[in-house]
Structures are given as C-alpha cells and as structure tokens.
Amino acid sequence: MAVREVLRMGHPLLHQVAQPVEQFNTLELDMLIKDMFDTMDAMKGAGLAAPQIGVSLRVVIFGVEANPRYPDVEPVPTTVLIHPQITVLGEETQEDWEGCLSVPGLRGMVPRWNRIRYDGADIKGKPLECEVSGFHARVVQHEVDHLDGILYPERIRDMRTFGFERELFPEVFGDAAVPIGDD
Ligand code: NI
C-alpha cells in the first residue's frame, strides 16, 4: 500500500494538460492505479486524477459508496477511466458544492452539465462507455478537468460561494467530522 502525497493548487503539474497513456497492461500503470486508490481511500476522496499524485497521465479514478450518514450523497460505482472523453447530453446544467483534495479545506459552488456520456478505456485498455447524470456526472467532469489542468475554483461563477468548509458548513465540518466528497 502506498499513499502518495497529493499536490496542492499552485503546483505547476496541476495546471498542465496531462499526457496520453502509451501502454496498457504494464506493471507501472497497475502500480499507479493501485497507489491512486490507496491515496483516494486514505483521504476519503470521491475521485482522484493521476496529476494530483504527481503523474502527468490521462488516468482518473472515482467511486462513492452508499453511506447511511450522508443519505443525500448518491453512490457512484468504483471506476478506472483512462483517456476520458466527455460528450454533453442536453443543455441542462446544475450548480452544487465541490471540494478537491488538491484544494484542502475549501468548497465552492460549481456549475456542471447535468447529463453526459463518457468514453474511455478501462485499466486493461478495453473501451468503456457510460451515460450518467447528476452527482455522478459532476464527479466525472471534475476529474476530467484535472487532466486538462483545470481546478474547480476556476469554474466558480460567484466567488462569494468559495470558502472554508468549516465556515460554510460548521455543523458538518466540526472538529470530529470527517469530510467527504473531495475529488
Ligand atoms: Ni479534484
């Protein structure tokens, strides 16, 4: 198990376009994805992109388990997605709170497409395609943004919604509370 350091906003690697994966079924790629899961799980994240642990490759993971303590959070199946492409379905957008492991302690309201299709490859290089909406679609868009060097604060429309989670949600993010939903 290797929990890696998560780079924080301002690190140049988070602001660049990540490179394509050249080869599948390599020990290197398998180890990278394993480290990404170890890191995401240790930090209780909803998703993680390879650049966040210092690897500039077009690889993201995400997944949220149902949690009775947070009934409003929709479960998202655990997914490895390489070379993701997003196709927007419909014109509807939705605005909701986001956080990011690379922007610790903060939250902001971010507009996202409500319904998308994503295409890409799985860990073995097999094509993968899925239509998703709502929170699931939000998580995918947040992670794919990471591969293009975009962090969610760049997408906030009203900067007055951008703030420290303990100030925004004191009842959820007290000293003992465990933050969830950071990507
Ligand atoms: Ni993030």
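Keep in mind that this is a model prediction, so the values were computed, not measured.

(A) Structural detail: helix α1 (residues 27-42). Helix length check: α1, at 16 residues, gives a terminal C-alpha distance of 22 Å against a target of 22 Å (1.5 Å per residue), a fit within 8%. Along α1, the residues classified as buried are L29, L32, I33, D35, M36, F37, D38, T39 and M40. In this fold, the buried residues of α1 make contact with β1 (47-49), β2 (59-64) and β3 (76-88).

(B) Broad picture of the side chain of R112. Positionally, R112 belongs in strand β5 (residues 106-113). A polar contact is formed between the side chain of R112 and the side chain of E98, at a distance of 2.8 Å. Reaching out from R112, the side chain makes a polar contact with the side chain of D145 at a distance of 2.8 Å. Discounting residues that sit within four places of it in the chain, R112 has contacts with E92, T93, Q94, E98, R138, Q141, H142, D145, Y152 and R155.

(C) Region of interest: the pairing of β3. The sheet contact formed by β2 and β3 spans five bridges and is antiparallel. By the bridge assignment for β3, V60 is matched with L81. With five bridges joining them, β3 and strand β6 (residues 115-121) adopt antiparallel strand pairing. Residue pairing for β6: Q85 is matched across the bridge by D119.

(D) Molecular detail of the nonpolar core. Of all hydrophobic cores here, the largest spans 18 residues; its most connected members are L32, I33, M36, V59, I61 and I82. Among the secondary structure elements, those contributing two or more residues to this core are α1, β2 and β3. The biggest single contributor to this core is α1, with six residues. Setting aside chain neighbours within four positions, we find I61 in contact with I33, M36, F37, M40, G47, L48, T79, V80 and E143.

Each value, and the rule that gives it
- Residues numbered from 1 in each chain as written.
- Predicted model: local features only at pLDDT ≥ 70, side-chain atom pairs only at ≥ 80, totals over all residues.
- Heavy atoms only, no water.
- Helix = DSSP H or I, 4+ residues; strand = E, 2+ residues; numbered from the N terminus.
- Expected span 1.5 Å × (residues − 1).
- Buried < 20%, exposed > 50% of the residue type's maximum accessible area, 1.4 Å probe, protein only.
- Contact = heavy atoms within 4.5 Å.
- Polar contact = N/O pair within 3.5 Å; in protein donor to acceptor, adjacent residues only side chain to side chain.
- Pairing = 2+ DSSP bridges.
- Core = buried A, V, L, I, M, F, W, Y, C linked by side-chain atoms within 4.5 Å.

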